[in-house]
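# Architecture at a glance
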Amino acid sequence: MTTFALQAQPADAASWLALARRAEAAGFDTLQAADHPGSCAAPYVALAAAAAVTSRITLGAYVANAGIREPLLLAADIATLDVVSGGRARAGLGAGHTPAEWLAVGRERPDVQARVDRCLAVAAAVRALLDGETVTVHTPQLDVQDARLDKPRPVQDRVPLLLGTSNARMLRWAGAHADIIGMSGLGRTLADGHQHDVRWRPDQIDAQIEQVRQGVEGRDSPPPALEALVQVMTITDDAESVATPLASEFGMSVSDLLAAPYVLIGTAAEIRASIERHEKRWGITRYAVRTPAFEAVEALGLL
């Protein structure tokens, strides 16, 4: 079954609460909020407000920046959201990429290896804290002593953990430990600190899925669900004309661009066919879209 998550940000109380109600009524599986301190709303505050006016839709950060957030504070936010939502929270973590976010808290952004080390250490600690364990970690990337989340305890026996990444080591870890893998398809951060190279060619996605499969080997529990972060969604009768400038921008062929799960371009029938191909080839069953794609998702008839 294909499911859709909606990533959104509040601009004011009325429109945010209306969007949460509308997303739930439409059939979106999850409402997600980004985490870029200083340039967007605090995700768990926004999601707690959404919880008060909804009853079914799940709620999670996409994704909290593990590089600048501490495990106990993250776990407390997630557990509190789980309590006030009646058991609908999801934990969402990523390694972070925007240099300004580190500078704003008095640090310099580490290199890729150190960010990955930190993210995986934080993810493991948050998982353990939510599960009721006591956590002690002393590494160059994370220092935690006897951390324990006694109150509040989550409502769910296991709060689902989403790890958002396209990094090989993180994909392997997520294959072994996460409940959902948020496949971003994003590569090296560009000079502006916000934009990225993309890893959208079919062979690149094949390589990412192989990393997940390696992580899944030996796992006792069911494998994680795969969720693609959709960057462009357009319903059109002329997919090639919409895709051509994007393909040129990203240095890809039009056919490769249209084959990627990170863009959904074409008629509703063509997009549904693409979604079927993505599941057959890569096992992708979930899609995260942003607010401008709301009506396009509705038009697919898959909610």
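Residues numbered from 1 in each chain as written. Predicted model: local features only at pLDDT ≥ 70, side-chain atom pairs only at ≥ 80, totals over all residues. Heavy atoms only, no water.

The protein appears in an unreviewed UniProt entry as LLM class flavin-dependent oxidoreductase from Actinoplanes sichuanensis.

Here the focus is the overall build of the protein. Across its full length, the protein carries eleven helices and 15 strands. Counting only C-alpha atoms and orienting by the principal axes, one finds that the protein spans roughly 60 × 40 × 40 Å. Counting the 303 residues in the protein, one finds 51% classified as buried. The long-range fraction of contacts in the protein, counting pairs at least 24 apart against all pairs at least 6 apart in sequence, stands at 71%. As displayed, the protein offers around 13200 Å² of accessible surface, 52% of which is attributable to carbon and sulfur atoms. Computed over 28 positive and 36 negative side-chain charges, the separation of the two mean positions in the protein equals 3 Å. (Helix = DSSP H or I, 4+ residues; strand = E, 2+ residues; numbered from the N terminus. Buried < 20%, exposed > 50% of the residue type's maximum accessible area, 1.4 Å probe, protein only. Contact = heavy atoms within 4.5 Å. Areas by Shrake-Rupley, 256 points an atom, 1.4 Å probe, with all protein chains shown as cover. Lys, Arg positive; Asp, Glu negative; His and termini not counted. Charge placed at Lys NZ, Arg CZ, Asp CG, Glu CD.)

So, about the pairing of strand β7 (residues 143–147). Across a regular strand the side chains alternate sides, sitting on one face of the sheet and then on the other. Two strands pair when backbone bridges link them, and strand β6 (residues 135–138) and β7 are joined in this way by three bridges, in the antiparallel orientation. Bridge assignment links V137 to a residue of β7, and that residue is V144. (Pairing = 2+ DSSP bridges.)

Below, the discussion takes up the nonpolar core. In this structure, F28, L31, L93, L130, L163, M233 and V289 are the most contacted members of the largest nonpolar core, which totals 89 residues. Sort the elements by how many residues they give to this core and helix α5 (residues 112–130) lands first, with eleven residues. Look past the residues within four positions of L163 in its chain and what remains in contact with it is L93, C119, L120, A123, M170, W173, A174, A178, I180, I181 and G182. V63, L162, I180 and L229 belong to the second largest nonpolar core, which has seven residues in total. (Core = buried A, V, L, I, M, F, W, Y, C linked by side-chain atoms within 4.5 Å.)

Quick look at helix α7 (residues 202–216) now. Helix length check: α7 (15 residues) gives 21 Å between terminal C-alpha atoms against 21 Å at 1.5 Å per residue, within 8%. Listed in full, the buried residues belonging to α7 are P202, I205, Q208, I209, Q211, V212 and G215. Contact partners of the buried residues in α7: α6 (168–177), β9 (180–183), β12 (225–229), α9 (254–259) and α10 (268–282). G218 lies just past α7 and shows a positive phi near 85 degrees. (Expected span 1.5 Å × (residues − 1).)

All right, on to the pattern of salt bridges then. Counted by the stated rule, this structure contains 14 salt bridges. The partner of R118 in a salt bridge is E70, and the shortest N-O contact between them spans 3.1 Å. Highlighted residues: R118 in helix α5 and E70 in the loop between β4 (64–65) and α3 (71–85), separated in sequence by 48 residues. Taking the relative accessible area as the measure of exposure, R118 reaches 8% and is therefore buried. Two residues, D206 and R281, come together in a salt bridge whose shortest N-O distance is 2.6 Å. Linking D206 in helix α7 with R281 in helix α10, this pair joins segments that are 75 residues apart in sequence. For D206, a relative accessible area of 29% gives the class partly exposed. (Salt bridge = Lys/Arg side-chain N within 4 Å of Asp/Glu carboxyl O.)

It is worth spelling out the packing of α6 against α7 at this point. Taken N-terminus to C-terminus, the directions of α6 and α7 make an angle of 40 degrees; their axes are 6 Å apart at the nearest point. The orientation of α6 relative to α7 falls into the category oblique. Considering the relative orientation of α6 and α7, their crossing is right-handed. Every residue of α7 that contacts α6 at A168, L171, R172, G175 and A176 is listed here: Q208, Q211, V212, Q214, G215 and V216. Class assignment for the residues of the contact of α6 with α7 results in five nonpolar, five polar and one charged. (Axes fitted to C-alpha atoms, helices over the stretch in contact; angles between N-to-C directions. Parallel < 35°, antiparallel > 145°, perpendicular 65-115°, else oblique. Left-handed = near helix turned anticlockwise from the far one by under 90°. Nonpolar A, V, L, I, M, F, W, Y, C, P; charged D, E, K, R; others polar.)

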